[in-house]
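Residue-level structural notes
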Amino acid sequence: MDRSTITGFLLTAILLSVVFNAQAANDYLVSATVISDGEVLGTPSMLLANGKKGVTRSGGDEGYELSLTITSDNDNTAFAETQLTAAGRTIEPKLSVIIGEQSSVKDGGLELKLKVEDRSEPDNLMSY
């Protein structure tokens, strides 16, 4: 192979790498409120990559375990697949949420409120 062919292959590989990274999964900041029989048990937050599962736990008598996965293929909505265990009960709601707005689900005495925010783009500290 001559030098121009090798250079062409390298440039193509670099271009494909840039395109692949530009389509990388989004990051989401998820703020939750866990409520049992009207009492707030916790307000956890997690930073999750698109399609990756996160788990948070709080111990003690009023402890809970919350696991969730956020997936989205657009800028407006996301799908939250959750499992919440608290007060001896477990619920597994699946929610379609509008990004930036709070959603909630209640099953018996357990309630879960979620707000999903897209954190893929760096915050602009200065505007021109």
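None of the values given here were measured: they were computed from a predicted structure.

This next bit is on unusual backbone geometry. Despite not being glycine, Asp 37 has its phi angle at roughly 50°, a positive value. Positive phi, close to 50°, is recorded for Ala 87, a residue that is not glycine. Tracing the chain through its elements places Ala 87 in the loop between strand 6 (77–86) and strand 7 (89–91).

Only one face of strand 8 (residues 94–98) is covered, namely the one carrying Leu 95 and Val 97; the face carrying Lys 94, Ser 96 and Ile 98 has none of its residues buried. Two elements, strand 6 and strand 8, share five bridges in a ladder whose sense is antiparallel. Bridge pairing links Ala 80 to Leu 95 in strand 8.

Let us now look at the nonpolar core. Residues Val 30, Leu 66, Leu 68, Ile 70 and Leu 114 are the most contacted members of the largest nonpolar core, which totals 23 residues. Only strand 1 (27–36), strand 3 (45–49), strand 5 (64–71), strand 6, strand 8 and strand 10 (110–118) provide two or more residues apiece to this core. Sequence-distant contacts of Leu 66, defined by excluding residues within four places in its chain, comprise Ala 32, Pro 44, Met 46, Gly 54, Val 55, Thr 56, Gln 83, Leu 84 and Leu 112.

Here we take up the confidence of the model for the chain. On average, the chain scores 82 in pLDDT, and the residues at 70 or more come to 74%. Under a pLDDT of 50 for its full length, residues 15–24 has, in the predicted model, zero contacts with residues more than four places off or in other chains. In the predicted structure, residues 124–128 sits below a pLDDT of 50 and forms zero contacts with residues beyond four places in sequence or in another chain.

Quick look at the pattern of salt bridges now. Pairing between side chains of opposite charge can happen when their charged atoms approach one another. Using the criterion set out here, one finds three salt bridges in the structure. Asp 37 is the partner of Arg 89 in a salt bridge, and the nearest nitrogen-oxygen pair spans 3.5 Å. With Arg 89 in strand 7 and Asp 37 in the loop between strand 1 and strand 2 (39–42), the pair connects residues that are 52 residues apart, well separated along the chain. For Glu 65, the salt bridge goes to Arg 57, with nearest N and O atoms at 2.8 Å. Looking at Glu 65, the relative accessible area reads 32%, which means it is partly exposed. We classify Arg 57 as exposed; its relative accessible area is 59%.

Thresholds, definitions, all that
- Residues numbered from 1 in each chain as written.
- Predicted model: local features only at pLDDT ≥ 70, side-chain atom pairs only at ≥ 80, totals over all residues.
- Heavy atoms only, no water.
- Helix = DSSP H or I, 4+ residues; strand = E, 2+ residues; numbered from the N terminus.
- Buried < 20%, exposed > 50% of the residue type's maximum accessible area, 1.4 Å probe, protein only.
- Pairing = 2+ DSSP bridges.
- Core = buried A, V, L, I, M, F, W, Y, C linked by side-chain atoms within 4.5 Å.
- Contact = heavy atoms within 4.5 Å.
- pLDDT = per-residue confidence, 0-100.
- Salt bridge = Lys/Arg side-chain N within 4 Å of Asp/Glu carboxyl O.

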